[in-house]
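Observations on the model geometry
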Amino acid sequence: MECPHLSSNISGAFDSSRFPNGTPSSWCCNVCRSNKSPWICLTCLMVHCGRYVNGHAKKHFEENQVLCVSQRKGEKHEKEKIHHSVCMDCSSYSVIFVIIIFCLQKLREHLQSLRNLGNTCFMNAILQSLSNIEQFSCYFKELPAVALRSGKTAGRRMYHTRSQGDNSVSLVEEFRKTLCSLWQGNQTAFSPDSLFYAIWKIMPSFRGYQQQDAHEFMRYLLDHLHRELQYSRNGASHPVSPQDGVRLSSTDGKCCTNGTASVVTSIFGGILQNEVNCLICGTESRKFDPFLDLSLDIPSQFRQKRNKDQEPVPTCTLRDCLHSFTDLEELDDTELYYCHKCKKRQKSTKKFWIQKLPKVLCLHLKRFHWTAFLRNKVDTYVEFPLKGLDMRGYLLEPEKSLPGSCLYDLVAVVVHHGSGVGSGHYTAYGSHEGHWYHFNDSTVTLTNEDTVRKAKAYILFYVVVAALSQGKMVRPKLIK
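Note that the coordinates shown come from a computational prediction; the quantities given were computed from them, not determined experimentally.

Notes on the pairing of strand E21 (residues 425–432)
Most of E21 is tucked away: seven of the eight residues are buried. With five bridges connecting them, E21 and strand E22 (residues 435–440) associate as antiparallel partners. In the sheet register, Gly430 faces E22, and the bridge partner there is Tyr437. Once E21 ends, the chain turns through two residues before running back antiparallel as E22, passing Glu433 with a positive phi of about 50°.

Points about unusual backbone geometry
Despite not being glycine, Arg33 has its phi angle at roughly 70°, a positive value. Its location among the elements puts Arg33 in the loop between helix H1 (6–9) and strand E1 (38–41). Positive phi values are uncommon outside glycine, yet Glu433 reaches one of about 50°. Assignment of secondary structure puts Glu433 in the loop between E21 and E22. Residue classification places Glu433 among the partly exposed residues on the basis of a relative accessible area of 43%.

Details of the packing of aromatic side chains
Per the stated rule, a full pass over the model turns up 13 aromatic pairs. Relative to Phe217, the ring of Phe122 has its centre 5.4 Å away and its plane inclined at 85°; by these criteria the two rings are edge-to-face. Taken as a pair, Phe122 in helix H3 (residues 121–131) and Phe217 in helix H7 (residues 214–230) lie far apart in primary sequence, 95 residues in all. In this pair, the class of Phe122 matches that of Phe217, namely buried. When the ring of Phe325 is compared with that of Phe352, the centres are 5.1 Å apart and the planes differ by 10°; the resulting orientation is stacked. Placement of the pair is Phe325 in helix H10 (residues 318–326) and Phe352 in strand E14 (residues 348–356), with a sequence separation of 27 residues. Exposure remark for Phe325: the relative accessible area of 17% places this residue in the buried category.

Observations regarding the pattern of salt bridges
For side chains bearing opposite charge, pairing can occur when the charged atoms are close. Tallying each qualifying case throughout the model produces 12 salt bridges. With a closest N to O distance of 2.9 Å, Glu173 and Arg176 form a salt bridge. Taken as a pair, Glu173 and Arg176 lie in helix H5 (residues 171–182) at a separation of three residues, close to a single helical turn. For Lys400, the salt bridge identified is with Glu397, shortest N-O distance 3.4 Å. In this structure Lys400 comes out as exposed when scored by relative accessible area, which is 59%.

So, the packing of H3 against H5
Taken N-terminus to C-terminus, the directions of H3 and H5 make an angle of 75°; their axes are 11 Å apart at the nearest point. Taken together, the axes of H3 and H5 lie roughly perpendicular to each other. Here Leu127, Gln128, Leu130 and Ser131 of H3 lie close against H5, whose contacting residues are Phe175, Thr178, Leu179 and Leu182. Residues belonging to the contact of H3 with H5 are distributed by class as follows: five nonpolar, three polar and no charged.

Remarks on the environment of Pro358
As for its position among the elements, Pro358 is in the loop between E14 and strand E15 (360–366). Residues Pro358 and Gly269 lie 89 residues apart in sequence; the distance between their C-alpha atoms is 5.3 Å. Other than its neighbours up to four places away in sequence, Pro358 contacts Ile267, Phe268, Gly269, Gly270, Phe291 and Tyr408.

Section: the state of the cysteines
Across all of its chains, the model carries zero disulfides by this definition. No disulfide involves Cys32; its sulfur sits 3.7 Å from the nearest other cysteine sulfur, which is in Cys29. A disulfide-free cysteine, Cys49 has its sulfur positioned 3.8 Å from the sulfur of Cys32, the nearest such atom. Owing to a relative accessible area of 0%, Cys49 belongs among the buried residues under this scheme.

Parameters and conventions
Residues numbered from 1 in each chain as written. Predicted model: local features only at pLDDT ≥ 70, side-chain atom pairs only at ≥ 80, totals over all residues. Heavy atoms only, no water. Buried < 20%, exposed > 50% of the residue type's maximum accessible area, 1.4 Å probe, protein only. Helix = DSSP H or I, 4+ residues; strand = E, 2+ residues; numbered from the N terminus. Pairing = 2+ DSSP bridges. Phe/Tyr/Trp six-rings, centres within 6.5 Å; stacked < 30°, edge-to-face > 60°. Salt bridge = Lys/Arg side-chain N within 4 Å of Asp/Glu carboxyl O. Axes fitted to C-alpha atoms, helices over the stretch in contact; angles between N-to-C directions. Parallel < 35°, antiparallel > 145°, perpendicular 65-115°, else oblique. Contact = heavy atoms within 4.5 Å. Nonpolar A, V, L, I, M, F, W, Y, C, P; charged D, E, K, R; others polar. Disulfide = S-S within 2.5 Å.

All quantities given are derived from atomic positions and should not be read as evidence of function.
Right, dumping it as C-alpha cells:
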C-alpha cells in the first residue's frame, strides 16, 4: 500500500507504481544486497539498508545533500535543493517502521531517540517522559555547564552530591547534558552512557544490565536530583519560590519550606492530608505528607479474569483508581492505629485528601503485586483522559482552588509490555505541538490519540492546563 506521508510531505508528483517489485521485506540494498531494514529513497527510488545494518541509506542521504550544496555554490541563482528523502515502511500499512527522514523533519526536528545500553529501556522511557515536560526540561537545559574551579579546587565540579559523599560525579550535570543532546535534533539515536555511569555510582541498586522498575527508577532519579540541587550553586541561579516547597510542619499542619526547594519539588511536589479516626472513641488524627507522585491501586473488582461464558468485566477508569485511593477505608487488624486517647492500638478508618496539587501530576498505576513467592502483573486496561482530568473532587478545600488550577492534560505515558517487573519492555508516549509520538528506545514514531488511549498505562504525566497556557511546550530527542 502507498505510504500515507507521500502526498503531504513530498513536493511534486510521485508515482508509487515505480516502487521495486515484490513486498518491502524482499527489497535488497543496492550496495550490500541485504534485505534487513530496507529504506527507499523517495527521490530516486533506490533501496538501501538501515543504519543498524550497514548504514547505506543514511550514507546515500548525506552524499546527495553534499552534492546539491556543491552544485549551488557555482550558480548565480539558487535553485531549490533536491532532497533525497528516505521513508521506512509504516507499521499500520505494509512497510516496516514509521520513521521518515527529512520528509517529516520539520515536525520532528527536536525529537531524538535513545540507545538501549542493555535492558535500559526503563531509564529511556522515564527520560523521554521527563524531557517532554516543558518547565522541567527547560530548567535543566538552561543551567550553565559544570565549570572547573581554579587553584587547589581545580577539576572539582560545582554540583555537590552530598547524599552520597562523592563529588566526582554530578547527576544534575549528566542529566542536563542528556536533555540538551535530546533537543539537538540529530537523526541518530543518543547514547546516555555517561548518565547511566553516574546512576551506577550514585544509585548502586541500579548497577548492572538487568531489567528494573521504571517507577522505582523515576523516584530515585527525582530524589537525587532534588538533593543535589539543594546544595548546587548553579541551581541557586534559578531560584524557586519558598511557597513551592513541599514540607509540612508537624505542629500546625501548615505548608512550609523544607530546607531549600528545588525545581523537582516546585513542579512535581504536592501535599496529602491523611485523616485517621479511632472507631472506639472517635479521636481524629491528621497528618500531612508531601508527594512527588501518587501510586494508585487498580480496584480488585476489575482484576478478575472471566471465562468466555461469563459477562465481561466493566472497563476500569482512572477515576475508579483515584476514588479507590481517596475513599474512606477501614484498616485491618494488621494496621491497627495507636490512639493516644485510648492509650492502645484500636480499629480505625483512614482517608486521604489532596491539600495541594502539583503543577505536574504524576500518577503511578500499581500493576505489580506480590503473591506468595512471585511479583505478578495486573494487566487490566485502565481508561484515562487525554485532556481535562478534573482533580477538584479530590481536594481538601476545593472551594479555595483557582479557576483552571484543577484541570490537567496528559503530556506523557510510560507503558510496560510483558508479564513481570523483571522482564518485558518499557516504551513511552509523548505529546508535542499537537502530535503524539511513541518512543521505543532508538525508534521514534508518529502516532495518534486513539493509539495512546488504548495503551495499558503504567505511569501517567499530567500537566495543569493553566501552566500549558503560559508558554509554548517544546520537545526533546530520542534515546538509544
